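Structural features, examined
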Amino acid sequence: MRFSRMVSKTLRSDPPDAETASHRLMLRAGLIHQVASGVYSYLPLGLRSLRKIENIIREEMDAAGGQELRMPALQPQELWEQTGRREAFGDNMFSFEDRRGRPMVLAPTHEEVVTNLVKANVQSYRDLPLILYQIQTKFRDEPRPRAGLVRVREFDMKDAYSFNADEASLDESYQAMAQAYRNIFRRCGLPVMMAEADSGAIGGKDSHEFLLATETGEDTVITCPSCSYTANAEKAESTYPEVPTEPDQSLEEVSTPGIKTIAGLADFLGVPESKTLKAVFYMSDGEPVFVTIRGDLDVNEVKLKNALQSHDLRLAEDQEVKAAGLVAGSASAIGINGIKRVADLSITSGNNFVVGANKPDTHFKYANYPRDFDTDILADIALAQPGQLCPRCGHALEATKGIEVGHIFKLGTFFSETLGAMFLDSEGQQRPIIMGCYGIGVGRLLAAAVEKNNDENGIVFPIPIAPYQVHVVGLNMSNEEVASAADRLYQEMQEAGIDVLYDDREEAAAGVKFNDADLLGLPVRLVVSPRNLKNAQVEVKGRTDSEAGSVSVDGVVEEVRRRLAEATL
RNA sequence: CGGGGUGUAGCCCAGCGGUAGGGCGCCUGCUUUGGGAGCAGGAAGUCGGGAGUUCGAGUCUCCCCACCCCGACCA
């Protein structure tokens, strides 16, 4: 590709609205162009990179036994009503009517369609297992798109679905996909973590996310530096120090004027926060929920949502708390009835807690479960925090931010049962197909790669996903000797099957070309100039090399091949 | 949906009641050519939209819209 013919222009300065590195650099280098919030065009450079990622994904999915197909993004809403997911997705789903007034949606994912497809084609255990996949556009009307391609409303996703006759077979498919994912991310130059993840309301047992550690990530990953425990904070378990148990004492009312927070309460009474219980109020599917947890811990809303089997969970607003007859700041489960109560297991680790007295400015000392209060659900709903202890080995946990680039999970039989995708097993029994699903956000993977691989001058593309492998720069192109030598080099690279971008601009100064080359971040830069040409040489520089080297004009292709091969190891 | 911010030329921004500006980019010519060159000339604007106040509105008021950031949300 000749630079002078490229539609995209590089930006001289950072776009002011882009804050994360990938967003800033992808706009600046002309990889993408924004159309609306969370909606982007891929410009030729961005698309080339995206295609390279797609091809890596295809190779690995095919190698793992996947069959590529393509399902429509446009779907009848009715399909989603059958599984109850029209309601579950709610406003996140783009929907409209066709000309006949039939409700249609733009698909945010494809379990419904793929399950029906398999239902029509699979009758026997002999047809299983199957792994089907596609790379296709998904639509999700996200409440808040952000960070360029990290969270968008229209995006390309590789989604795969496995269909198995039994759990052991499902496990094989699951492991095959996990391995394919590791291969894909490694080949894309991304060091990812595989973390235990929440499987959601529909999911089955196992679920893992693949996350790239970056400052700007949306997810928090809890890791153990000692053993291999890695889990999304939404899912992570932790153990926290037991509070030394004392002999139970009887409940005692104390006046706590103006005390509204746990920190204030602990301070006022001279006890550690772990000797208090805090009350948090939620609304779950429109019903108020009273949550009790030890004062030094925080509620994990995902765990709480799962414990409640809730579809829609949020913190209660002040009026809702009041309407439920609760005293914010001095509430406890003591004497609370007629409202659903959930307590974290931590209320059993310790005793003689300070709790609210359900009267303004008043608390109780020495509250004990179950002597003084009861709960409807007792479960682990605590948020794992760095510094708490690993549930596997007891070492102190750490937390890192990450971007989720892939997610795999065992779906079980929800879709096959709901939509009637059954098969006959070897004994002639009709059984629902067991499913798994496996997703990779392709554009997000590109964004993550840029987020991870850049320096103060621009992108540093990993070789396998760089839009072009080589950047040929002609300096002083009005010099005929340079122009013809550079043209020849460009030609030679193409003939050698190397992806090459050729900066053939006559008017651009050397500095402009060098800065653009650094910004685009292609792996190898070749400079043709009068200075080098005098010695029949071409300058060679890897994007991360601090110094450039030279190579004879005759040996350029070989040198480039060597560098590309070396770095791909 | 709550909180904060921003909308003026392709890009970045100034102007805050009185003729629509600057830098970059773009076009023409000359000069220049190893880290974002110089000179001269030129093209380019529904000042996000609507209503209002005013003799007069990018500028003040109200309503709306879009975009960004934080949160909520994200099976």
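Residues numbered from 1 in each chain as written. Chains lettered and ligands numbered in written order. Predicted model: local features only at pLDDT ≥ 70, side-chain atom pairs only at ≥ 80, totals over all residues. Heavy atoms only, no water.

1. A look at the overall build of chain A
Along its length, chain A carries 15 helices and 31 strands. Expressed as lengths along the three principal axes of its C-alpha atoms, the size of chain A is roughly 95 × 65 × 50 Å. Relative to all contacts within chain A whose residues are 6 or more apart in sequence, the contacts with residues 24 or more apart total 70%. As presented, chain A carries roughly 25,700 Å² of accessible surface, and 47% of it is formed by carbon and sulfur atoms. (Helix = DSSP H or I, 4+ residues; strand = E, 2+ residues; numbered from the N terminus. Contact = heavy atoms within 4.5 Å. Areas by Shrake-Rupley, 256 points an atom, 1.4 Å probe, with all protein chains shown as cover.)

2. What about the sheet that holds strand S5 (residues 94-97)?
Strand order in the open sheet formed by three strands is S4-S6-S5, and the pairing between neighbours is antiparallel. What marks the edges here is a single partner per strand, and that holds for strand S4 (74-76) and S5. Between one strand axis and the next, the sheet turns by 35 degrees as a mean value, whatever way the strands run. Pairing of S4 with strand S6 (residues 103-106), which is carried by three bridges, proceeds in the antiparallel orientation. By the bridge assignment, Leu74 is partnered in S6 with Leu106. (Pairing = 2+ DSSP bridges. Axes fitted to C-alpha atoms, helices over the stretch in contact; angles between N-to-C directions.)

3. Some points on the confidence of the model for chain A
Looking at chain A as a whole, its pLDDT mean stands at 88, while 99% of the residues score no less than 70. Scored as a whole, the predicted complex attains pTM 0.89, and scored at its interfaces, ipTM 0.90. (pLDDT = per-residue confidence, 0-100.)

4. Points about the protein's contact with RNA strand B
Near RNA strand B you find 41 residues, and of these Arg12, Arg85, Asp518, Ser529 and Glu539 are the closest. A breakdown of the atoms of RNA strand B within 4 Å of the protein gives sugar and phosphate a share of 50%. With respect to RNA strand B, the backbone of Ala147 contributes an N or O atom lying 3.3 Å from a phosphate oxygen. Of all the elements in the fold, those that place two or more residues in the surface near RNA strand B are strand S1 (32-36), helix H8 (301-308), helix H13 (510-520) and helix H14 (530-533). Here the residues of the surface near RNA strand B sort into 14 nonpolar, 10 polar and 17 charged. (Near = heavy atom within 4 Å. Polar contact = N/O pair within 3.5 Å; in protein donor to acceptor, adjacent residues only side chain to side chain. Nonpolar A, V, L, I, M, F, W, Y, C, P; charged D, E, K, R; others polar.)

5. Here we look at the packing of helix H2 (residues 44-63) against helix H11 (residues 442-452)
When two helices pack together, their arrangement is captured by the angle between the axes and the distance separating the axes. At a closest axis distance of 10 Å, the pairing of H2 and H11 adopts a crossing angle of 110 degrees. It follows that H2 is roughly perpendicular to H11 by the angle criterion. Remark: the crossing between H2 and H11 carries right-handed chirality. Two secondary-structure elements touch here, H2 through Gly46, Ser49, Leu50, Ile53, Glu54 and Ile57 and H11 through Val442, Gly443, Leu445 and Leu446. (Parallel < 35°, antiparallel > 145°, perpendicular 65-115°, else oblique. Left-handed = near helix turned anticlockwise from the far one by under 90°.)

6. Here we look at the nonpolar core
Membership of the largest hydrophobic core comes to 59 residues, with the highest contact counts inside it found for Tyr181 and Ile184. Residues in contact with Ile184, not counting those within four places in the same chain, are Ile56, Ile57, Glu60, Met61 and Ile440. Of all hydrophobic cores here, the second largest spans 26 residues; its members include Ala486, Tyr502, Val528 and Leu564. (Core = buried A, V, L, I, M, F, W, Y, C linked by side-chain atoms within 4.5 Å. Buried < 20%, exposed > 50% of the residue type's maximum accessible area, 1.4 Å probe, protein only.)

7. Brief notes about a negative patch on the surface
A cluster of acidic residues, Glu87, Asp285, Glu287 and Asp312, forms a negative patch on the protein surface. Within the element layout of this structure, Asp312 appears in the loop between H8 and strand S16 (313-315). On the basis of relative accessibility, which here comes to 44%, the residue Asp312 falls in the partly exposed class. (Patch = residues over 30% accessible without salt bridge, like charges linked within 9 Å, V, L, I, M, F, W, Y side chains within 5 Å. Salt bridge = Lys/Arg side-chain N within 4 Å of Asp/Glu carboxyl O. Lys, Arg positive; Asp, Glu negative; His and termini not counted. Charge placed at Lys NZ, Arg CZ, Asp CG, Glu CD.)

8. Things to note about the side chain of Arg444
Here Arg444 is to be found in helix H11. Despite being buried, Arg444 has no salt bridge partner; Glu218 is the closest side chain of opposite charge, sitting 4.1 Å away. A polar contact is formed between the side chain of Arg444 and the backbone oxygen of Glu404, at a distance of 2.9 Å. Residues in contact with Arg444, not counting those within four places in the same chain, are Leu149, Val150, Arg151, Glu218, Ile403, Glu404 and Val405.

9. What to know about the pairing of strand S7 (residues 130-139)
Every regular strand shows the same layout, with side chains that alternate between the two sheet faces. Most of S7 sits out of view: nine of its 10 residues are buried. By the bridge criterion, 10 bridges tie S7 to strand S8 (residues 154-164) in an arrangement that is antiparallel. Among the inter-strand pairings, Phe139 is bridged to a residue of S8, identified as Glu154.

10. Focus on helix H6 (residues 167-187)
Because an α-helix packs 3.6 residues into every turn, residues spaced three or four apart end up facing the same way. For H6, built from 21 residues, the straight-helix expectation of 30 Å at 1.5 Å per residue is met to within 8% by its first-to-last C-alpha distance of 30 Å. Here H6 has its buried residues at Ser169, Leu170, Ser173, Tyr174, Met177, Ala178, Ala180, Tyr181, Asn183, Ile184 and Phe185. You can read the cap of H6 off the contacts: a side-chain oxygen lies 3.2 Å from the backbone nitrogen of Ala168, and it is on Asp166. (Expected span 1.5 Å × (residues − 1).)

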